[in-house]
Number of protein chains: 2
Amino acid sequence: MSLPDQAEGTTRRPSRQRSAVLALLDGLDGFRSAQDLHALLRQRGDSVGLATVYRALQALVDDGQVDVLRGDDGEASYRRCSTGHHHHLVCRSCGRTVEVADPPVERWAARVAAEHGFADVQHQLEVFGICSDCAARG
Amino acid sequence: MSLPDQAEGTTRRPSRQRSAVLALLDGLDGFRSAQDLHALLRQRGDSVGLATVYRALQALVDDGQVDVLRGDDGEASYRRCSTGHHHHLVCRSCGRTVEVADPPVERWAARVAAEHGFADVQHQLEVFGICSDCAARG
DNA sequence: AGCGTTCATGGGAATCATTCTCACATAGGT
DNA sequence: ACCTATGTGAGAATGATTCCCATGAACGCT
Ligand SMILES: [Mn+2]
Ligand SMILES: [Mn+2]
Ligand SMILES: [Zn+2]
Ligand SMILES: [Zn+2]
């Protein structure tokens, strides 16, 4: 049902920078902007050029290892995710994210698209809210 | 369930420009970018400043008369929509859009959020595909 | 280890949608 | 007609993302 991930096998020459980006993402559980990730890398000492951060993220996205989300302001946020198809429950305040699945909506999307003569169907479903930690703080 | 639309009653001084934007949207059935709408207004003769197009669209969005969608490139697209809560089936090629509803997913989103302790829940669900007209052309 | 080829990096310029500024126009009430 | 609050528009400013290109690092070969 999900896209073939045709670019998944692309060989890339390993580099300290790419590893640093992936390692950073592994230690975070929420969606973060490229700018944020770049700043975090600097603090951590693993300095990486901003352009390289964007390139690394794009490569990971193409490879299906990272998910992207567009905020209301249009800024992209990235998160290390499981490779299968899923959706997200995201905290608007801190970005904390839970991966969720909803089989019924998968069928619904396919059916409603077919009913209207649409082919090549994709869908996106995200749930936003305030997590309990953030609600406690105010 | 949907947001209170608190700004809905804001009084705004009428203007030729605002009317032109709304009239243009009424004659279109797909999502269009602000830049596109601005260009269309110029062609049509109702010239309106780009900043004013953005202001008019933002006002309509705040008023709940227009929906916004963020494309993969982060560019915002706008469409005159019915005021109630709904989702969209959008053609990736021409933007043609059908409004759709899915009551089950409404309940599902509320439940899954509650199960994880999230409050102040919103969700967004969009379906993308290629409409029959565009599929016919190739 | 040395060398050449190929690909990755990074800093800064370029892009581009969107927002801001502010001088000017205009709607509406007097 | 006149006043005042608000809308407009041209261009500047903003800010995320991408592009450019000279430099650096990885790989394959010797
Ligand atoms: Mn799904
Ligand atoms: Mn819904
Ligand atoms: Zn939170
Ligand atoms: Zn179409």
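First, a word on scope: everything that follows refers to the structure included in this document. (Residues numbered from 1 in each chain as written. Chains lettered and ligands numbered in written order. Predicted model: local features only at pLDDT ≥ 70, side-chain atom pairs only at ≥ 80, totals over all residues. Heavy atoms only, no water.)

As a further point, take the interface of chain A and chain B. By a frequent convention, interface size equals the accessible area lost on bringing the separate parts together. Facing the 36 residues of chain A at the interface are 36 residues of chain B. Both sides of the chain A and chain B interface together cover about 3000 Å² of buried area, and 63% of this is carbon and sulfur. Across the chain A-chain B interface, the total number found is two salt bridges. Linking chain A with chain B are 14 residue pairs in polar contact (both at pLDDT 80 or more), by the criterion used here. Counting residues per element, the ones that place at least two in the side of chain A that touches chain B are β4 (87-91), β5 (97-100), α4 (103-115) and β6 (119-130) of chain A. Looking at the side of chain A that touches chain B, the element that brings in the most residues is β6(A), giving 12 residues. (Contact = heavy atoms within 4.5 Å. Buried area = accessible area lost by both parts, 1.4 Å probe. Salt bridge = Lys/Arg side-chain N within 4 Å of Asp/Glu carboxyl O. Polar contact = N/O pair within 3.5 Å; in protein donor to acceptor, adjacent residues only side chain to side chain. Helix = DSSP H or I, 4+ residues; strand = E, 2+ residues; numbered from the N terminus.)

This next bit is on the coordination of the manganese ion (ligand 1). Residues and elements named next belong to chain A. Protein coordination at the manganese ion (ligand 1) comes from His85 (NE2), His87 (NE2), Glu106 (OE), Glu106 (OE) and His123 (NE2), with a distance range of 1.9 to 2.8 Å. Positions of the donor residues of the manganese ion (ligand 1), expressed as sequence spacing, correspond to H-x1-H-x18-E-x16-H. Here Glu106, found in helix α4, pairs with His123, found in strand β6; they are 17 residues apart in sequence, far enough to count as distant. Note on His123: relative accessible area 17%, which makes it buried. (Donors = N, O, S within 2.8 Å, 3.2 Å for Na, K, Ca; no water. Buried < 20%, exposed > 50% of the residue type's maximum accessible area, 1.4 Å probe, protein only.)

The transform that puts chain A on chain B rotates by 180° and translates by 0.0 Å along the axis, for an RMSD of 0.0 Å. What the superposition gives is, in effect, a two-fold axis relating one chain to the other. Of the residues that chain A buries at the interface, 100% are likewise interface residues in chain B, meaning the two copies contact each other through the same surface. (Least-squares fit on C-alpha atoms with pLDDT ≥ 70 in both.)

As a further point, take the coordination of the manganese ion (ligand 2). Taken together, the protein donors to the manganese ion (ligand 2) comprise B:His85 (NE2), B:His87 (NE2), B:Glu106 (OE), B:Glu106 (OE) and B:His123 (NE2), at separations of 1.9 to 2.7 Å. Read from N- to C-terminus, the donor residues coordinating the manganese ion (ligand 2) fall into the pattern H-x1-H-x18-E-x16-H.

Next up on the list: the pattern of salt bridges. This structure, assessed with the given rule, holds 10 salt bridges over all chains. A salt bridge links A:Asp26 to A:Arg80; its shortest N-O distance comes to 2.7 Å. You can see A:Asp26 sitting in helix α1 (residues 16-26) and its partner A:Arg80 sitting in strand β3 (residues 76-80), a full 54 residues away along the chain. A relative accessible area of 28% means that A:Arg80 is categorised as partly exposed. Residue B:Asp46 pairs with B:Arg44 through a salt bridge whose shortest N-O separation is 3.9 Å. The exposure class of B:Arg44 is partly exposed, given its relative accessible area of 45%.

Let us now look at the protein's contact with DNA strand C. Among the 18 residues in the neighbourhood of DNA strand C, the closest are listed as A:Arg13, A:Ser15, A:Thr52, A:Arg55 and B:Tyr54. The sugar and phosphate moieties of DNA strand C supply 68% of its atoms located within 4 Å of the protein. The contact in question runs from a phosphate oxygen of DNA strand C to an N or O atom on the backbone of A:Gly49, over 3.0 Å. At 2.7 Å from a base nitrogen of DNA strand C is found a side-chain nitrogen or oxygen belonging to B:Arg13. Looking at the surface near DNA strand C, the elements with two or more residues in it are α1 and α3 (50-62) of chain A together with α3 (50-62) of chain B. Sort the elements by how many residues they give to the surface near DNA strand C and α3(B) lands first, with four residues. For the surface near DNA strand C, a count of residues per class yields seven nonpolar, five polar and six charged. (Near = heavy atom within 4 Å. Nonpolar A, V, L, I, M, F, W, Y, C, P; charged D, E, K, R; others polar.)

All right, on to the protein's contact with DNA strand D then. As a matter of local geometry, DNA strand D sits amid 19 residues, with A:Tyr54, B:Arg13, B:Ser15, B:Thr52 and B:Arg55 nearest to it. Restricting attention to atoms of DNA strand D within 4 Å of the protein, one finds that 61% of them are sugar or phosphate atoms. The side chain of A:Tyr54 places a nitrogen or oxygen atom 2.4 Å from a phosphate oxygen of DNA strand D. Between B:Arg55 and DNA strand D, the recorded distance is 2.6 Å, taken from a side-chain N or O atom to a base nitrogen. Of all the secondary structure elements, the ones that give two or more residues to the surface near DNA strand D are α3 of chain A together with α1 (16-26) and α3 of chain B. It is α3(A) that contributes the most residues to the surface near DNA strand D, four residues altogether. Here the surface near DNA strand D is composed, by residue class, of seven nonpolar, five polar and seven charged.

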